[in-house]
Structure formats: structure tokens, C-alpha cells
Amino acid sequence: MIAKPFALFKKDFHSELKTRYAINSLAMFIIVAISVILFSIGSETINENLTGGLFWVIIFFTAMSGLARAFVSEEERGTTLTLQLIASSSTVFSGKFIFNLILVFCVNILITLLYSVFFEKFVVQNLVLFIVTFILGNIGLASASTIIAAIIAKAGAKGTLYPVLSFPILLPLILTCVQLTLFSFDDVNFVEAQVELAIVVGYDIIMITVSYLLFEFIWKD
Amino acid sequence: MSSYSIHSQSLSKSFGRRLIFKDINFNWADNGIFGILGPNGSGKSTLVKIIAGLIATSSGKISHKNSSGEIISENLHNHIGFVSPYLILYEEFSAWENLKIFAQIRGINFNEEKLLNYLQQFLLDNRKDDLVKTYSSGMKQRLKFVFALQHSPDVLIFDEPTSNLDEDGKKVVYKIIQEESKNRIVIIASNEIKDIELCNEVLSLEDFK
């Protein structure tokens, strides 16, 4: 059941290594975004609320700059028809979702490492809560980004449409993840954070289910 | 011989207010070569895409059936082999890598012997390890036939099959069409008289405006 989506993921992975469609733009964005923040704050120390917020802002915009490539690259190269002829819509969505999920995890681990080095207020007290938030947040980000990428791939102004369409869909996820990150800074336990965690788990389940149900209508003209 | 059939019932397609064709009815079964004829812009490519399940109809229905019953749209791609000038394979990979990737994504066995035989027939065996982006348009068109035949589909849909091909390429394609039509349904959409002459039955889109 997983073999076909995994084969599609492998194809995208090897294609990415050869074409560098997403990796280069993602790496450049991370470096530029963190550098701009560091230059703008100078020698001042920003408080932990702002640190947690900026952390998810970088994650959001990095996702915006790279995750749409999953479908846009197929559309731009004209290979969408080929993909439609070799795989069912569920295989295509699963394969692209796996690719975006792994990409988002790798990129966000890099952001977290850079952040913990350069921002002194980025001190996680409750590491388990932070890791759970990070994992759930990335799953939500990858699932929402994948279905939005499929929608905008057929549109004209892809570059503008992607963040515009993503913002209202990802806002509940990002806001809740910011709150959970601040909880992890303040060493809040799981019981006190259960409402926010339930929101993120619910968001992930709804987003993945709805995406699977709707994808065939988006994928076929 | 396969027990496969394609049945069209009052098929119509419009893009916005522009009617492409209306009330197309046909029943193509088992084997043979079926042609779709019409001038440029008459909707040949649109009709073959509808038959392949790639785009939806405006009204009417198209159904594919085999011995197990009607085939659901989710599985239709397993029964279709498709060649057209607007089909683009992955240019960053070699022909051999493309075929290997397609086999893995389809979940079928990568039959090296069969594929080498097809590549030989289409005069591509000595270039199989070259990147597709280095191929000429004619070579890319020939590779698409190997792509279409790789999974032994019940239906072969060829939209302008001889475009970009030289005389040798055309000869190979005509031979393959004749051979494959003995065991499966072959659909050709073309303006070329030579292509249409191969057909057992021809549907002229000018009759459905």
C-alpha cells in the first residue's frame, strides 16, 4: 500500500537532487530570514514571546517558499499528464505528502538548530512538549501545504496565490503552535497544554482527511 | 483477445460557451483500430483525454468494462497506454530510469527483457542511458510508445502518433499498431490519412457539432 507513494517520493527526491527546485530556495530563505532578524535586533535581546513568534513566522514563510514546488514543478515541466497516467490520485497525494513532510522536517530542524545558536531567549524548558508541538505542527504544515500546492499549481499567479491562500488555512495551526512553543519555554506541563494540543491534533486529522477526499477533484480537470 | 469494452453514451463537451462536440455514441470492444478524425481544433485531443479519464465530460457518460465489470476511475490508468505530442516524460532522467520509475510507481514488475525489446524496436536501445533532455523530438516520441506499452494495457490511445517521426519511425509505429490491435483496443486520433487508413472504424468529429 505504501510502496507506490514511496516510489513517487523516491522519484521526487532524485529529481530534487538533480534539479534543486526547492532545496536552494529554502536554504537561501532560511539564511536571509535569520540574518535580517539578527541585523534588525542588533545587540538588543528580544523577549521569549517574540522569539517564539518569530520562530514560527520563519517556519511559515520558509514553507511558503518551497513546499508549493511539489506540484508546481510538475505543472511547469508539463509532466502532470504523465503522473496522471501512471498513478491514482491517492498515490499522487500520498507521495507528494511524504515528500513535503520529509522536506519540512529537515528544513525546520535546521531552523531550530540555527535559532537555538543565535537567539539566547530560545531556551526550551519542557523539551518533550516542544518536540510534540514541532512534530504535530510540521504534519499540519505539510498536509495543508500539499493540498494548497495542488490547488494553485493550475492557476496563473502561483507565487502570489500560495501565501495568500495558505495564510487563513494555516493561521489556526501557527497561532496554536506559537502558544505551545511559549508553554515549552515556560515549562508548562502536558495537562495544562492539553487544549492547544487537542486543537493541533484535530487540525492535522481534519486536514489530512479532507485533503485525501478532495484531491481527486483537484487533480483531474 | 481481451474482453474489454469502451462505451460512450451521449458524450458532450463544452469549454465555457464553446461547444466542442455533442452526443457522441460508440461502443468499441475487444480489439481493433478505432480512429478519431477531425480538423485542427475539432476536439480530437479532448475526446481522447475524456476516454482516458483525464478530463471530465460536460454531459453524457463514458464507461470502461472488462470481464470483472466496470472499471472505477481510480484504477483506469492501469488499463490505458497513452501517446501524444503533449505528453512529456521526466527529462532529468534517462530513458531507462524513466521506465524504472514508472514501473515502481505503477507497482508492476520491471521486465528488463521486454523493455529492451521495445527499445530495440523503436531504435532507442543504444541511447537508453542518455538523459531524455538530450533526445530529439522524434526520439522522445518513440520513447512515449515504450512508456505506453510497458504495462501491457487493454487500451492504447495514440493522439497524433506519427508527429515528429521520420519514415523509419513511422514504419515501426504502424507495425506496432497492427500487432497490438490483434489483442487490444487501439484508438488513433489523427489528421494523417495514412494513420486513419489503418482503422477498422472511424469517428468523424465534424458529424457531432
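This structure is a prediction, so every number in the text was calculated from the model and none was measured. (Residues numbered from 1 in each chain as written. Chains lettered and ligands numbered in written order. Predicted model: local features only at pLDDT ≥ 70, side-chain atom pairs only at ≥ 80, totals over all residues. Heavy atoms only, no water.)

1. Overview of the overall build of chain B
- Helix and strand content of chain B: six helices and nine strands.
- What you see for chain B is a C-alpha radius of gyration of 17 Å, in line with the 17 Å of a compact globule of 209 residues.
- Structurally, chain B occupies a C-alpha span of about 45 × 35 × 35 Å along its principal axes.
- Counting only residues that meet the buried cut, chain B has 54% of its 209 residues in that class.
- Here the contacts in chain B between residues at least 6 apart in sequence split such that 72% fall between residues at least 24 apart.
- Carbon and sulfur atoms make up 45% of the accessible area of chain B, which totals about 9000 Å².
- Computed over 24 positive and 26 negative side-chain charges, the separation of the two mean positions in chain B equals 4 Å. (Helix = DSSP H or I, 4+ residues; strand = E, 2+ residues; numbered from the N terminus. Rg over C-alpha atoms; globule rule 2.2 N^0.38 Å. Buried < 20%, exposed > 50% of the residue type's maximum accessible area, 1.4 Å probe, protein only. Contact = heavy atoms within 4.5 Å. Areas by Shrake-Rupley, 256 points an atom, 1.4 Å probe, with all protein chains shown as cover. Lys, Arg positive; Asp, Glu negative; His and termini not counted. Charge placed at Lys NZ, Arg CZ, Asp CG, Glu CD.)

2. Quick notes on helix H2 (residues 95-106) of chain B
- With twelve residues, H2(B) extends 16 Å from end C-alpha to end C-alpha; this agrees with the ideal 16 Å at 1.5 Å per step.
- Residues of H2(B) that are buried make contact with helix H1 (3-19) and helix H5 (80-86) of chain A together with strand S6 (80-83), helix H3 (112-121) and helix H4 (137-149) of chain B.
- After H2(B) finishes, the residue B:Gly107 shows a positive phi value of roughly 75°. (Expected span 1.5 Å × (residues − 1).)

3. With respect to the nonpolar core
- B:Ile51 and B:Ile187 are the most contacted members of the largest nonpolar core, which has 141 residues in total.
- If you tally residues by element for this core, the top one is helix H7 (residues 127-152) of chain A, at twelve residues.
- Setting aside residues up to four positions removed in sequence, B:Ile51 forms contacts with B:Ile6, B:Phe26, B:Trp28, B:Ile36, B:Ile62, B:His64, B:Leu76, B:Ile80, B:Ile157 and B:Ile187. (Core = buried A, V, L, I, M, F, W, Y, C linked by side-chain atoms within 4.5 Å.)

4. Details of the interface of chain A and chain B
- On the side of chain B, 26 residues touch chain A, which itself brings 26 residues to the contact.
- Contact with chain B buries area across many residues of chain A, yet A:Leu81, A:Leu85 and A:Ile86 alone supply 29% of it, more than any other trio.
- Linking chain A to chain B there are two salt bridges.
- Between B:Glu92 and A:Arg77 there is a salt bridge, with its nearest N and O atoms 2.4 Å apart.
- Our count for the contact surface shared by chain A and chain B stands at 13 residue pairs in polar contact (both at pLDDT 80 or more).
- Those elements that place two or more of their residues in the side of chain A that touches chain B are H1, helix H4 (69-77), H5 and helix H6 (89-118) of chain A.
- Of the residues belonging to the side of chain A that touches chain B, the class tally is seven nonpolar, ten polar and nine charged. (Buried area = accessible area lost by both parts, 1.4 Å probe. Salt bridge = Lys/Arg side-chain N within 4 Å of Asp/Glu carboxyl O. Polar contact = N/O pair within 3.5 Å; in protein donor to acceptor, adjacent residues only side chain to side chain. Nonpolar A, V, L, I, M, F, W, Y, C, P; charged D, E, K, R; others polar.)

5. Notes on the pattern of salt bridges
- Considering all chains together, one arrives at 14 salt bridges over all chains under this definition.
- B:Asp130 is paired through a salt bridge with B:Arg127; the nearest N and O atoms lie 2.3 Å apart.
- Taking relative accessible area as the criterion, B:Arg127 reaches 26% and is therefore assigned partly exposed.
- Notably, a salt bridge pairs B:Lys170 with B:Glu167, separated by 4.0 Å at the nearest N-O pair. A residue pair is termed a helical-turn pair when its members lie 3 or 4 positions apart in one helix, as B:Lys170 and B:Glu167 do in helix H5 (residues 167-180) at three residues.
- A network of salt bridges, in which partner residues are shared, links A:Lys11, A:Asp12, A:Glu74 and A:Lys96.

6. Some points on the sheet that holds strand S5 (residues 69-70) of chain B
All names here are of chain B.
- Taken together, four strands build an open sheet; the order of strands is S2-S1-S4-S5 and the sheet is antiparallel. Strands at the two margins of the open sheet, each flanked by one partner only, are strand S2 (18-29) and S5.
- Looking at chain direction, strand S1 (residues 5-15) and strand S4 (residues 59-66) are connected through six bridges and run antiparallel. Following the sheet pairing, Gln 9 is matched in S4 by Lys 61. (Pairing = 2+ DSSP bridges.)

7. Let's talk about the environment of A:Glu44
Residue and element names in this part refer to chain A.
- In this fold, Glu 44 is placed in the loop between helix H2 (23-41) and helix H3 (48-66).
- Given a relative accessible area of 62%, Glu 44 falls into the exposed group.
- Residues Glu 44 and Ile 205, 161 residues apart in the sequence, show an inter-C-alpha distance of 40 Å.

8. Details of the packing of aromatic side chains
- All told, the structure shown has 29 aromatic pairs over all chains when counted by the stated rule.
- Taken together, the aromatic side chains of A:Phe55, A:Trp56, A:Phe105, A:Tyr115, A:Phe119, A:Phe122, A:Phe130, A:Phe134 and A:Phe185 make up a single cluster linked through ring pairs.
- Seen from the ring of B:Tyr86, B:Lys49 lies directly overhead, with NZ or CZ sitting 4.7 Å from the centre.
- For the cation-ring pair, B:Lys128 lies above B:Trp96, with the distance from its terminal atom to the ring centre recorded as 4.8 Å. (Phe/Tyr/Trp six-rings, centres within 6.5 Å; stacked < 30°, edge-to-face > 60°. Lys NZ or Arg CZ within 6 Å of the ring centre and 35° of its normal.)

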